[in-house]
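# Tertiary structure, described
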Amino acid sequence: MPALEAALSALDTLKPADITVVKSMQNPPGLVKLVMESICVMKGIKPERKPDPGGSGKMIEDFWGPSKKLLSDMKFLDNLKAFDKDNIPAANIKKIREKFIDNPEFHPSVIKNVSSACEGLCKWVRAMEVYERVAKVVAPKRERLKEAESELAIQMEKLKIKRAELKEVEDRLQALNDEFEIMNNKKKDLEDNIELCSQKLVRAEKLIGGLGGEKDRWTEAARLLGIKYTNLTGDVLLSSGMVAYLGAFTVDYRLECQKQWHILCKQRKVPCSEEFTLSNTLGDPVKIRAWQIAGLPVDSFSIDNGIIVSNSRRWPLMIDPQGQANKWIKNMEKSNKLSVIKLSDANYVRTMENALQFGTPVLLENIREELDAVLEPVLLKQTFKQQGVEYIRLGENIIEYSKDFRFYTTTRLRNPHYLPEVAVKVCLLNFMITPLGLEDQLLGIVAAKEKPELEEKKNKLIIESAANKKQLKEIEDKILEVLSSSQGNILEDETAIKVLSSSKVLSEEISEKQQIASATEKQIDETRLGYRPVAVHSSIIFFCISELANIEPMYQYSLTWFINLYIQSIANSKTSEVLLKRINNIIAHFTNSIYNNVCRSLFEKDKLLFSLLLTIGIMTGKGNLNDQLWRFLLTGGIALENPYPNPAPDWLSDKSWSEIVRASSMESLHGLMEHVRSNIPKWKEIYDSARPHEEKFPDEWSILKGMERMVVLRCFRPDKIIPAVQEFITDNMGKTYIEPPTFDLVGSYNDSNCCAPLIFVLSPGADPMAGLLKFADDLGMGGTKIQTISLGQGQGPIAANMIESAFKAGTWVVLQNCHLATSWMSALEKICEEIITPENTNPEFRLWLTSYPSDKFPVSILQNGVKMTNEPPKGLRSNLLRSYLNDPISDPAFFNSCEKQQVWQKLLLGLCFFHALVQERRNFGPLGWNIPYEFNESDLRISMRQIQMFLNEYEEVPLEALTYLTGECNYGGRVTDDKDRRLLLSLLSIFFNRNLVEQDKYRLSDGDAYIIPPHGPYQSYIEYIRNLPTITDPGVFGLHENADITKDNKETNQLFDGVLLTLPRQSGGGGKSSQEVVDNLAADILSKLPEDFNLEMVIEKYPVVYEESMNTVLRQELIRFNRLTQVVRSSLIDIGKALKGLVVMSSELEDVFNSMLVGKVPGMWASKSYPSLKPLGSYIADLLARLHFLQDWIDNGPPNVFWVSGFYFTQSFLTGVSQNFARKYTIPIDHVGFEFEVTKYETEMESKPEDGAYIKGLFLEGARWDRKNMVIGESLPKILYDPLPIIWLKPGDSSRFLHERVYVCPVYKTSARRGTLSTTGHSTNYVLPIELPSDKPQKHWINRGVACLCQLDD
């Protein structure tokens, strides 16, 4: 009972000390008394009777006395604890209830305030009362409980007996049940076994049926795998080699290497497949199909590239001028969140960081030849681990590195040169499109356009069959997996059997589908292949175009542009039901469309070249070209010496004769040399003919056609190759291909769009601005709608702002002279690629660019833009007409503005004629000008305005002032060569002279065609100009008739040199490989090259003495020649070693190799050599002759006649002659000059002169030496150079010389005449002036461009 327990515990808390405190109270509080009274009542102790202290006189009951006694009892507390609570007298309890329990003061909480001891006692009393009350109720119940318990005990005893009986029965039943269960199980097992056996039978049948069909296939596969397993070593070795080393090379070179490695493996007994291919070893057909669907070209070269990309340890860097790899990577990785970046992006490093972290692929496109150093850790995969996580450092940051990260790099450069430090960090891959890959693409396009349903079906089949193959592969893998992972008896594995049988059904279905697909595909392919000629032809054209970039860096054309034209041609060409006819229509239309589109972006000089390349390309494609003949036509063959003497040296040059001899070694021209030798007069007729390309060749050679005919013409009259080439093109391709389209700004504009820039490729003298501004006005884009800026330092940002405002507003921007801002070009490229996009550009916007050819101009802009050239018109008449039809002459206000109209019109025409003359003379090469100056419209404009101003301001016509301003300033300001300035003033004197001002019909040249017409209105001058001859005679320019031959030869050489630039390196003549040709040539040269000169011996024999300066000259010459022969010798030895693979083929040696292959002098030699323009064979012969001349001098003393051309540095010889004279007569050397006496002797003199020296070996160009009258005279027809007889250099006091009736003729080392300007003010090519007697005024020869040359070019 809680209350009781609480009371007892309250008693426990009381200590005897607490009781003593209560006991010791003398006058206790009422409540203490009240508590003690209740205890006394409870214990049945009587009170004392005492008189009332209140003084009422009554007796009252007082319990305090007994209480004190009670408290004094030592066992007071123990007695309370042991109090018999079950037998409290009823009277006591009644009293308690009446007096105390209901008393509000009798409560522990109240009493607590007076005494804590009494509180406990109070609790006890109350608990006793409660206990008593409860006990009264509980006692009878306890009685009844006792009775019930005894009753229960009896009953339980009975139950126990019954239970024992039941247990016995149950045990018996269980035993019977167990037996029954065992029997049942036995029966079930037997039944199951029967079922399993029948199932196994069924499964076994299924398995035998299902996999039985696979048996043959798998047996075969296992056999092949066995072989593969054996050959794995060699195949993997070859594959590794290809992946590691061959990525950067072309198809042919890869195959060549692969073949050689294969042979090597066989020789070394390394097991490898008979027919090794990379795709068989490392390729996964399903993956390859997926790549092709993503845009990888289907040829094996491209597939190998794909395999190399996926297997290489290094990240790939793909050389991808046509954007094929770019397209493939973008499609392939599209679903993997590919990021595309450029090095020019501001935040590309941030993109890289994210990709590295999240494992997404990155494509870095359009890189140049260097890579950012930040990328180095990525390229080298420099990762490191921290706490088991892989990290990489990128720039300043350390980033978690995901294993899924992939990195691709592409460049648009056609032929980049990556330095080893870049090449070793990446896997270089050549992704240049191959003819086969392009053919397939073009075939796909033409088939899709012509037979769209077929192409669609084919593409569907490709995707379906790819899916089928993939499924088959998965099934096979599944079967193998099931078979290998099945535990125990496979017949018991229900799921395995299910998988196997369903796989079998599926694989049969797929195989059926595959067969149907293959048959359909075959059918489609047959139809497609009908159009193959179109694809083959177009592919050839593309490769012709792509080679043009070797000629000029601006000739870049993209594959996308090419394919767009191709699609247009398919759409716009004439249709026809007959397939062959349709094919021819497409081919003709497309070839013409390409010709017109490419021609508008080519310079005049390259238009014929392009037609020739097209013709040759198409002929090669058809197998109609003899490569040996073609190479010969271009180079004239290579040989060091000609053993057969020239049968007609009077008219046939040695060069021509050597070419005839070499041509005869070719099959189709066999016997030519013998025929020429025995029929000299017949061939001379051809040589002398004005139009030899139209003449019939003599006898059996009259039937020669095409290339053979051109080769023979080259040998006799190379100057007429251009018309012959035109005829050749007309015969093979049609007349259209030698008539390039005229400049058409409207057409070019119509072909452009807001995102394709229009590019003017400039040539000297061309200024398209005036025409462009007029065109803008016509289209309503003039005034404020067109902004122009000339680029240069600091102009880039201004131009960028212009573009930014214009492309939104839809106005035009013209950036002039892009070649002057090469550093800003990458920024321009970025603007074109990223800012000017179709989405955010106004369709009216156009970006116009003008630039001279520059290899720094961004390729992507060139490829995507519309390129145009607008050259000044060819010919004097067109030039004059252009000047008159253009501003300012065409402006009547300006034309009529001068007060002295008559003189003004005469001088104006004279000036325009002069302008045309100086421009047109450039076509004649060095005969015209030593250096081809870029005289342009602005020179003409300023000179006109000056004439107008001077005429208005002066009474007299101030011709001297005008001559000075025009000749020395406006035009002369450009002229850097001393002799060119002399010529310029000489030409100007024809026009700025009194006769022109005063005479009527003043002749501007010999003959009556070119005169100053009578004074008249503007239109009369236009009429006069229109009636001038179309073809201008060289005499009009002051040149001899032969100058035309010089000009034609120059054009022929230019054409052939251009073609050679586009040709790949191939074998030389006679089926030898290029290596053999060069090796033999090198050995031949080495065998002829003498030992170096022994300088010590020479110094001893010819010491430095005061009287004989020639000893010093000799010594210096020997030092220079030794230096040259050492370079020649060492490079030839090295090339021999390099061809055998003993030393590395460096870029210098490669240049030597390439030059020798086409018969040119290698740059390595030229840098250490005297100037020479001879081809390789003649150069070596000339070098040997010079060495012989010096050896002869060493052996036999100074010669009587010095071969002036044999000196390396001719000036030192001239100084030596002057020095000897000055020292002999003690005259200051700067007073010494030379007089010149041309002798009658051609090659030898009997003795040395008293003073000075005899020299020989000079050739006169532009004139001849008249041996009869001993003066300089006009050249004979077709004889361009005339050898001069021996000349006596007579030193003397230059102040006493009379310079009368002479032509001061400059002497040059080579026919180029120009060199670099040296500190003397002369070019390095210039030797000295010699005075030749003349019976004509000096001006005549100056205008003829007459000069002496030390050596010819043949």
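Attention in this report is confined to the structure presented alongside it. (Residues numbered from 1 in each chain as written. Predicted model: local features only at pLDDT ≥ 70, side-chain atom pairs only at ≥ 80, totals over all residues. Heavy atoms only, no water.)

### Some thoughts on the overall build of the protein
Helix and strand counts for the protein stand at 51 helices and 26 strands. For a compact globule of 1354 residues, the expected C-alpha radius of gyration is about 34 Å, and the protein comes in at 57 Å, more than 25% above that figure. Projected onto its principal axes, the C-alpha coordinates of the protein cover approximately 195 × 100 × 80 Å. Evaluated residue by residue, the protein yields a buried proportion of 48% over its 1354 residues. Partitioning the intrachain contacts of the protein with sequence separation of at least 6 by distance along the chain shows that 74% fall at a separation of at least 24. Summed over its atoms, the accessible surface of the protein is roughly 67,600 Å², and 54% of this surface lies on carbon and sulfur atoms. Taking the average place of the 160 positive charges on the side chains of the protein and the average place of its 177 negative ones, the gap between the two points comes to 7 Å. (Helix = DSSP H or I, 4+ residues; strand = E, 2+ residues; numbered from the N terminus. Rg over C-alpha atoms; globule rule 2.2 N^0.38 Å. Buried < 20%, exposed > 50% of the residue type's maximum accessible area, 1.4 Å probe, protein only. Contact = heavy atoms within 4.5 Å. Areas by Shrake-Rupley, 256 points an atom, 1.4 Å probe, with all protein chains shown as cover. Lys, Arg positive; Asp, Glu negative; His and termini not counted. Charge placed at Lys NZ, Arg CZ, Asp CG, Glu CD.)

### Section: the nonpolar core
Ranked by internal contacts, the top residues of the largest apolar core, which has 131 residues, are Y884, L907, W1165, F1213 and I1330. A total of 12 residues in this core trace back to one element, the largest contributor, which is helix α37 (residues 901-920). L652, A663, V712 and M802 belong to the second largest nonpolar core, which has 117 residues in total. (Core = buried A, V, L, I, M, F, W, Y, C linked by side-chain atoms within 4.5 Å.)

### Considering the sheet that holds strand β6 (residues 383-386)
Strand order in this open sheet of 3 strands is β6-β7-β8, and the pairing throughout is antiparallel. Strands with a single pairing partner mark the edges of an open sheet, and in this sheet they are β6 and β8 (397-400). Neighbour-to-neighbour, the strand axes of the sheet open up by a mean angle of 40°, direction not taken into account. Sheet topology places strand β7 (residues 389-394) next to β8; 4 bridges connect them, and they run antiparallel. Along β8, the bridge assignment pairs R393 with I398. (Pairing = 2+ DSSP bridges. Axes fitted to C-alpha atoms, helices over the stretch in contact; angles between N-to-C directions.)

### Focus on the sheet that holds strand β15 (residues 866-869)
In a beta sheet, neighbouring strands pair by backbone hydrogen bonds and run either parallel or antiparallel. If you walk across this open sheet you meet the 5 strands as β12-β13-β14-β11-β15, and the pairing is parallel. Bordering the open sheet on either side are β12 (786-790) and β15, each of which pairs with just one other strand. Pairwise comparison of adjacent strand axes, ignoring direction, gives a mean angle of 20° for this sheet. In this sheet, strand β13 (residues 812-816) lies alongside β12 in parallel orientation, the contact comprising 5 bridges. When the sheet's bridge partners are listed, I789 is paired in β13 with L815. In the packing of helix α32 (residues 796-809) onto the sheet, the strands contacted are β12, β13 and β14 (846-851), and the crossing angle to β12 comes to about 165°.

### What to know about the packing of aromatic side chains
The description of an aromatic ring pair rests on the distance of the ring centres and on the angle between the ring planes. Within this structure, the stated rule accounts for 59 aromatic pairs. On the basis of an interplanar angle of 70° and a centroid distance of 5.0 Å, the ring pair of F542 and F562 is categorised as edge-to-face. Here F562 lies in helix α21 (residues 559-572) and F542 lies in helix α20 (residues 532-546), a separation of 20 residues in the sequence. Here the two residues F542 and F562 agree in accessibility, since each one is buried. Both rings, one in W812 and one in W848, keep their centres 5.2 Å apart while their planes meet at 50°; by these two values the pair is tilted. (Phe/Tyr/Trp six-rings, centres within 6.5 Å; stacked < 30°, edge-to-face > 60°.)

### Considering the environment of R994
Looking at the secondary structure, you find R994 in helix α41 (residues 994-998). Residue R994 is classed as partly exposed on the basis of its relative accessible area, which comes to 34%.

### A closer look at the pattern of salt bridges
Here the idea is simple: oppositely charged side chains can pair when their charged atoms come close. Applying the stated rule across the entire model yields 50 salt bridges. One salt bridge in this structure joins R406 and E333, with 2.8 Å as the shortest N-O distance. Separated by 73 residues along the polypeptide, R406 in strand β9 (residues 406-411) and E333 in the loop between α13 (324-332) and β4 (339-341) bring together distant segments of the chain. Note that D778 and K774 form a salt bridge whose closest N and O atoms lie 3.7 Å from each other. Here D778 pairs with K774, and both are found in helix α31 (residues 769-778), just 4 residues apart, close to one helical turn. Several salt bridges share partner residues, and in doing so they unite R97, E129, E132 and R133 into one network. (Salt bridge = Lys/Arg side-chain N within 4 Å of Asp/Glu carboxyl O.)

### As for the environment of R1003
With respect to the helices and strands, R1003 occurs in the loop between α41 and α42 (1018-1026). For the pair R1003 and A135, spaced 868 residues apart in sequence, the C-alpha separation works out to 165 Å. Residues in contact with R1003, not counting those within four places in the same chain, are D1008, Y1010 and I1011.

### Some words on helix α50 (residues 1210-1225)
Between its first and last C-alpha atoms α50 spans 23 Å; for 16 residues at 1.5 Å apiece the expected length is 22 Å, and the two agree. Buried positions along α50 lie against α46 (1110-1140), β16 (1201-1203), β17 (1232-1238), β18 (1253-1256), β23 (1287-1293) and β25 (1326-1333). (Expected span 1.5 Å × (residues − 1).)

### Comments concerning empty space enclosed by the protein
Counted under the stated rule, the structure contains 9 cavities of 30 Å³ or more. Approximately 120 Å³ is the volume attributed to the largest cavity. Along its surface, the largest cavity is lined by 16 residues, and N930, K979, R1313, I1342 and G1345 are the ones closest to its centre. Where the lining of the largest cavity is concerned, the elements lending two or more residues are α40 (978-991) and β24 (1302-1308). Grouping the amino acids of the lining of the largest cavity by side-chain chemistry returns 9 nonpolar, 3 polar and 4 charged. Taken as a whole, the second largest cavity encloses approximately 80 Å³ of empty space. Around the second largest cavity sit L927, L1039, H1040, N1042, A1043, T1046, E1261, G1262, S1275, L1280 and R1344, which together line it. (1 Å grid on protein atoms, 1.4 Å probe; cavity = no way out; pocket = protein on both sides within 12 Å on 5 of 7 lines; lining within 4 Å. Points joined across faces, edges and corners; volume = space filled by probe spheres on them. Nonpolar A, V, L, I, M, F, W, Y, C, P; charged D, E, K, R; others polar.)

### Digging into the packing of helix α17 (residues 435-450) against α21
Remark: α17 packs on α21, axes separated minimally by 10 Å, with the N-to-C direction vectors making an angle of 35°. The interaxial crossing formed by α17 with α21 has right-handed handedness. Here L438, Q441, L442, L443, I445, V446, K449 and E450 of α17 lie close against α21, whose contacting residues are L559, F562, I563, Y566, I567 and I570. When its residues are assigned to classes, the contact of α17 with α21 shows 11 nonpolar, 1 polar and 2 charged. (Left-handed = near helix turned anticlockwise from the far one by under 90°.)

### Digging into helix α29 (residues 721-733)
Between its first and last C-alpha, α29 extends 18 Å over 13 residues, near the 18 Å set by a 1.5 Å rise per residue. Looking only at α29, the buried set comprises I721, I722, A724, V725, F728, I729 and M733. Axial view of α29: buried residues confined to an arc of 160°, hence all on one face. Against α22 (579-599), α23 (604-622), α24 (627-635), α28 (706-716) and α43 (1043-1062) lie the buried residues of α29. Residue G734 follows α29 closely and has a positive phi angle near 115°. (Arc of directions from axis to C-beta.)

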